[in-house]
Every structure is written in C-alpha cells, then in structure tokens.
Number of protein chains: 2
Amino acid sequence: MTTETEIIERLRRIATAPEARGLLDDAAVLDGLVITHDSIAEGVHFLPSDPPASVGWKLVTVNLSDLGAKGAIPAGALLSLTLTGDGQWEADFLTGVEHACESYALPLIGGDTIALPDGATRVLGLTAIGRSGANVPDRAGGRAGDALWLVGTVGDAAAGLAQLEANVRATGPLVDIYRRPIPQLGAGQALAPHAHAMMDVSDGLLLDARRVAEASGCSVAIGLDTLPLSSAFVAERGATLDARLFAATGGDDYALLAALSPDLDPATLSLPHGTKITRIGTLSAGEVSLSLTSGGGPVELPETLGFEHQGNDPRGLSAPPMAGRP
Amino acid sequence: MTTETEIIERLRRIATAPEARGLLDDAAVLDGLVITHDSIAEGVHFLPSDPPASVGWKLVTVNLSDLGAKGAIPAGALLSLTLTGDGQWEADFLTGVEHACESYALPLIGGDTIALPDGATRVLGLTAIGRSGANVPDRAGGRAGDALWLVGTVGDAAAGLAQLEANVRATGPLVDIYRRPIPQLGAGQALAPHAHAMMDVSDGLLLDARRVAEASGCSVAIGLDTLPLSSAFVAERGATLDARLFAATGGDDYALLAALSPDLDPATLSLPHGTKITRIGTLSAGEVSLSLTSGGGPVELPETLGFEHQGNDPRGLSAPPMAGRP
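This is a predicted model, so every value here is computed, not measured.

1. With respect to the overall build of chain A
Phase 1 of the analysis: Helix and strand content of chain A: nine helices and twelve strands.
Phase 2 of the analysis: Taken over 326 residues, chain A has a buried fraction of 57%.
Phase 3 of the analysis: A fraction of 86% describes how many contacts in chain A between residues 6 or more apart in sequence connect residues 24 or more apart.

Pasting the structure below:
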C-alpha cells in the first residue's frame, strides 16, 4: 500500500536538482526558461458537461498562470492530447487551445497525440515554456515586514462553479470567469523584478498564503475586509464575512499573490492598464502562521483553507482544481 | 465526425512557429534547448502485464531517444503522473523512472501528479529537455549522394514482444531489450554536428527511412543484407530475408538513422566505445521513394513498412508503439 503522500515524497527525493526548486514552486527554471506542466482529467478537473473549448482554454491558461507567477514571457507549448470516440470533443477542445494560445502569443511547438481505448478517461496535458527575466521569484523569498499584494479578484470562479453545480445550464459573468479565466501575465512580468516572493492563487487564497508563510518562514496576516471582490461576485453572494471567507477559500482564481517591500508602491510599476492590485496583508517575523482580521478584530481560521490535494500534494505537482475536486 | 487525421492536420495548422518544425520532427527547438514530449497509455503502448518499472524506464528512454536523435545532452524532465488504486503500481513505475533518469543524468525538475477515478486507464507523460549543439539535424536535410547509416541494431524489441505475446512469462535478452531499451545519446551527440538528417527509428526502419526520403525529397535505397542484427535476434529468428524484413518493419528499436556525406567515415568521429554503426543504404536524387535490395537483386516492399499511426500521425506527435499497438 503506497499512499499519494508517499508518491509525492518519493518524487521530491528524486527531484534534487536546483532547477526543480524542490518541486515546491509553480515551475522549473532552466537556462533562462521557466517550464511548467499541468495535466487535467475528465471527471476530476473538469466536468463532462463543460464545453470542450472551455476545457482547452483552461488547460492553456492554467499553465500560463504559472508562467505569469514567475514573470515569464510565453515562448512555446507542447500539448499532450488523448483521442477517444469520434474525435469531435477533441476538435472542439483544440478550438479552445488555439484561441488561448493566440490570445497570449503562446506558440504550439510540439507534443504528442495518442489514441485511448473507447470509454477511457480523457487526460490532457500541457507543457508551457516562458522566457524569464533577471529575477524569477519563488515562494520562499518573503521577508518580515513585506506587504502582501493580490493581483486580480478572488471568489468569482468558485461562485461560478457553485452556480453550475446547482444548475448545469447556468450562465453569466461568474460562469464565464470559471470557464474562461484570464491569466495575469503582464502583471506578473511587471512585478517579478521586484517581488520577494510570488505565486499564483489556484487552490484558495488562504491556503496559498499559508504556503508563502511556510516557504518564507514567517507569519502572514490578511485583512478580509480588504479582499478585492468583483461586482458580479458581490451581486451573487454579497460582501459579508461569510462571502469573503468563501472567496478566500474557493480557489481556481488565476490571481497572483506577491510579497513586496513595504516601501514599494505597485502603482509606480508599469502594470497593464486596468490591473487590479490590492494590498491584503503583511508578512511578519515569528512562527509560521496565518491569521485573519475583519472589522478591526481577529477572525478564526475556517476549517478548510482551500483545495488540499490528498496527502498535501505540493502545488508544483498538481493542477489547480477546476471542478469535481477529487 | 472528426478523424484522427483531421485532428493531426488541425494541430499542424495551429503549430506554425519555426520552433515547431512543422510537428514533423522528433522534437521542438527553442533557445538552444531541444524539447520533446511523449505520452503512453495502458493497453495501448504498454501491456498491463509489463512490470511497472519497465514502463517507467521506457517512458524516460523513449524521450531520451528523441533527444539523442537531435544530438542533445539531457538537461531536465517533467513527469506527468496519474494515480489510480493503491499507488503500488505507480511506486514501482517511479523506480524505473528514477533508474533511467540516473542512468542518463536526466534530472527530474517538475511535472504534475493527478488522481484518476478508480479503474481509469493510466496515461503517463514525460517532457524531456536537452541542450543542443550548434547543429540540430532534422529529417529534411538529407542530400542526394548521402550515405544512410544506422546506429544500433533492429528487430530485437519486436522479437522480444513476439515472445511475450506467445508467452507472457517469456524471458531472455530480446525481452530485456524490449523492456529496457538503451537510447543512443552519445552516438547522437557525436553524429549531430555532421549529420545532414537524423531521426530515431521507432516505428520501423523502413517506415522511418521513407519519412527521411519524403522530408528530404529524395529516394532511399536500403540493402537488407547489410542490416545489423544482434546474435540474440539471429538465434531466435535467423538471418533470412523474412527475418530481415521482420527486423526492418518491427519498430520500437531505439536506433538512430543518419544521412551523412559519403566522404565521412563515422569511424573518425568520437562515438562511444562499442557503438555499432552500419552503412545500410544511400540517398539519391529523383522521385521520393524507398527501394530494397538483397542478394544483388531488388526486393518488393512489404505491405506494412512499420507501425503506421492511424491517419498517418506524424512521429513528432506520437509515442512509438511499445505493445498492443492501436
């Protein structure tokens, strides 16, 4: 009997090269290139009812989000495609892949297509490669005193997924964000030269913030009242403490979390026009921990901080959940 | 209704960047790195009865063979691992992955691990990255007058697979070669600076030789009597014309095919000690074609030149068959 935890620990023991970053980061770094691979499986990371083009879009953008978190410029992708049945699903899937690749100037440069037995579970993978800048921030560089900034909003995709779980025909802006997320490439590129630590928020803001605290060896305090919520989210769920905790733990956000020097005002950086960047917390010296505040007082941590992969699967080895979380 | 052929053609239309090499080569080339991805599925590319460690070994070496064909030095790999059942199969699989990575100095630097529903078909993938030399030969550079050389032997793996198909408990050197192939990395590195065209032989020598002819726009003649056969192969199947045709079409060879100037004697290159390299044919001007000779006379082409992926799937998009060919 070998558990998933043991498999992951085994992989970490194998992956000792510095380029692997201990398999604790969103991507590997090799010869100036940032390289990431995420796989998704039907019934695990996407719903059989999801439009195939949206699955293709998400496979590309989930990898682009990892490149964004390292400040990399997209350079190429290799697609691992399985074929089952009559190929119509795959043709529609490719439409989404192509659209996302075109939208973010990510050339498809290779890959592999294999036929699966009829009825087999679809497993799609993408290796995305980006050119890095001089600084490739990881999760471990956060320093006591740093300000914690969030790029984007949280909660939209989780609210959209909840709408779909209640009604598979649901539509609207939250479903759109769930199905067609936008990776924060430009903001990541602008922040990377200055960020002490940076990662993409994929498994839930609180869980990912705790990972920064753990990797950086410090405590993180987050003010829930400061969390950026979209107007669509507020219209659906409100802006109460409960709604904010839902947004902070729902995951699938394609946002970025960056630890910056308290002296740095991100408004002075060349962020893409319209970038929403919000200071949501602070890193402090002391024991590794995560604490929350709201209305001037402390808030107890929720039982679940986000999507915990079985066996504390490190993020570098797992796609963020998209639906039907295992 | 979309056929596999249409999917592949669609991928080719999407992959227009020069780094993609038209998806017709074994690998993409980006910023001095050679990048390849091959995926394998249970029941398609390996037998459920194959020892999992041998499947792990093959997943790594099938990718290393692609790097070898481009003359690249292994630099890193990203593993896409699916988990089903109790994880014991995957633990044994990783033993083979680790052994192959260690054997060829290929550091595991990242990847993704995802859980699949119980009973789902295992799909394993690897992205291998190598550092290229000054010349990265493709399939298209063969010139009229070039000599065609083969590195390694042909037929061993196909003969081993045939033994296993007759008796799942078969053992011996041919089964060993089928299960634990040896990629020609050192020979590829020594040949790459001089090769006009080079590729790895994975789908059958005759089929792959015809691909060189097609890509290079010339005719290829192969002397079947010159084909290098191992003593284990000859002991099992003899060296008759039939045996030679079996060896030339069986596939899964992990050999290299190189088109070299007729003036170049590979014995003058620094090939690894013990490298078997054999001149097996010639490239000539004229219509694209493949012709065979034996005993001084012409031999008709066999009906099947090797493992044709459904829809003439280009090799750059397909893993070579390992067993139970779809």
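2. Some thoughts on the pairing of strand 7 (residues 197-201) of chain A
All names here are of chain A.
Phase 1 of the analysis: By the criterion of burial, strand 7 is predominantly enclosed, with five of the five residues buried.
Phase 2 of the analysis: Note that strand 7 and strand 9 (residues 255-260) share five bridges and pair antiparallel. Bridging from a neighbouring strand, Met199 pairs with Leu257 of strand 9.

3. Comments concerning the relation of the copies chain B and chain A
Phase 1 of the analysis: Note on the identical chains: chain B maps onto chain A by a rotation of 180 degrees and an axial translation of 0.0 Å, with an RMSD of 0.0 Å. In the structure described here, the two chain copies are related by an operation that fits a two-fold rotation axis.
Phase 2 of the analysis: Both copies present the same face, since 97% of the interface residues in chain B are matched by interface residues at the equivalent positions in chain A.

4. Quick notes on the sheet that holds strand 4 (residues 108-115) of chain B
Residue and element names in this part refer to chain B.
Phase 1 of the analysis: With mixed pairing, the five strands of this open sheet are ordered in space as 1-2-5-3-4. Since the sheet does not close on itself, it has two edges, and those belong to strand 1 (28-30) and strand 4, each with one partner. Averaged over neighbouring strand pairs, the angle between their axes works out to 20 degrees when direction is ignored.
Phase 2 of the analysis: As paired strands, strand 3 (residues 73-83) and strand 5 (residues 123-131) are joined by seven bridges and run antiparallel to one another. Bridging from a neighbouring strand, Ile73 pairs with Arg131 of strand 5.

5. What about the packing of helix 2 (residues 52-69) of chain B against helix 3 (residues 88-103) of chain B?
Residues and elements named next belong to chain B.
Phase 1 of the analysis: Where helix 2 contacts helix 3, the two axes come as close as 6 Å, and the packing angle between them is 40 degrees. Accordingly, the angle class assigned to the pair helix 2 and helix 3 is oblique. Every pair of crossing elements has a handedness; the one defined by helix 2 and helix 3 is right-handed. Of the residues in helix 3, those in contact with Pro52, Ala53, Ser54, Val55, Gly56, Trp57, Leu59, Val60 and Thr61 of helix 2 are Trp89, Asp92, Phe93, Leu94, Thr95, Gly96, Val97, His99, Ala100 and Cys101.
Phase 2 of the analysis: Here the residues of the contact of helix 2 with helix 3 are counted per class, giving twelve nonpolar, six polar and one charged.

6. Focus: the environment of Gly68 of chain B
All names here are of chain B.
Phase 1 of the analysis: Tracing the backbone through its elements, the reader meets Gly68 in helix 2.
Phase 2 of the analysis: Sequence separation of Gly68 and Gly32 is 36 residues, and the distance between their C-alpha atoms is 15 Å.
Phase 3 of the analysis: What Gly68 contacts, discounting residues up to four positions off in sequence, is Pro183, Gln184, Leu185, Gly188, Asp200 and Leu256.

7. Brief notes about the interface of chain B and chain A
Phase 1 of the analysis: At the interface, 66 residues of chain B touch 64 residues of chain A.
Phase 2 of the analysis: The set of elements that each furnish at least two residues to the side of chain B that touches chain A consists of helix 1 (4-14), strand 1, strand 2 (33-41), strand 3, helix 3, strand 4 and strand 5 of chain B.
Phase 3 of the analysis: With eight residues, the single largest contributor to the side of chain B that touches chain A is strand 4 of chain B.
Phase 4 of the analysis: Here the side of chain B that touches chain A is built from residues that sort into 34 nonpolar, 21 polar and eleven charged.

8. As for the confidence of the model for chain A
Residue and element names in this part refer to chain A.
Phase 1 of the analysis: For chain A, mean pLDDT is 90; residues scoring 70 or higher make up 94% of the total.
Phase 2 of the analysis: Residue range residues 310-326 is modelled with pLDDT below 50. Its contacts to residues more than four positions away, or to other chains, number 66 contacts.
Phase 3 of the analysis: Predicted complex, confidence summary: ipTM 0.87, pTM 0.90.

9. What to know about the domain arrangement of chain A
Residues and elements named next belong to chain A.
Phase 1 of the analysis: What the domain assignment reports for chain A is domain 1 (4-131) and domain 2 (147-309).
Phase 2 of the analysis: On a C-alpha basis, the centres of domain 1 and domain 2 stand 23 Å from each other.
Phase 3 of the analysis: Residue contributions to the side of domain 1 that touches domain 2 peak at ten residues, all from helix 2 (residues 52-69).
Phase 4 of the analysis: Class assignment for the residues of the side of domain 1 that touches domain 2 results in seven nonpolar, six polar and five charged.

10. Remarks on the pairing of strand 11 (residues 289-294) of chain A
All names here are of chain A.
Phase 1 of the analysis: Where strand 8 (residues 219-223) meets strand 11, five bridges bridge the pair, whose relative direction is parallel. Considered in strand 11, the bridge of Ile222 is made with Leu292.
Phase 2 of the analysis: What sits between strand 11 and strand 12 (residues 297-299) in their antiparallel hairpin is a turn of two residues, with Gly295 showing a positive phi close to 55 degrees.

11. Concerning helix 9 (residues 241-249) of chain B
Residues and elements named next belong to chain B.
Phase 1 of the analysis: All buried positions along helix 9 are accounted for by Arg244, Leu245, Ala247, Ala248 and Thr249.
Phase 2 of the analysis: The inward-facing, buried residues of helix 9 abut helix 7 (205-216) and helix 8 (231-237).
Phase 3 of the analysis: Directly after helix 9, the chain includes Gly251, whose backbone phi takes a positive value near 80 degrees.

Procedures and definitions
Residues numbered from 1 in each chain as written. Chains lettered and ligands numbered in written order. Predicted model: local features only at pLDDT ≥ 70, side-chain atom pairs only at ≥ 80, totals over all residues. Helix = DSSP H or I, 4+ residues; strand = E, 2+ residues; numbered from the N terminus. Buried ≥ 20, exposed ≤ 12 C-beta atoms within 10 Å, placed from the backbone. Contact = placed C-beta atoms within 7 Å. Pairing = 2+ DSSP bridges. Least-squares fit on C-alpha atoms with pLDDT ≥ 70 in both. Axes fitted to C-alpha atoms, helices over the stretch in contact; angles between N-to-C directions. Parallel < 35°, antiparallel > 145°, perpendicular 65-115°, else oblique. Left-handed = near helix turned anticlockwise from the far one by under 90°. Nonpolar A, V, L, I, M, F, W, Y, C, P; charged D, E, K, R; others polar. pLDDT = per-residue confidence, 0-100. Domains from an automatic or database assignment.

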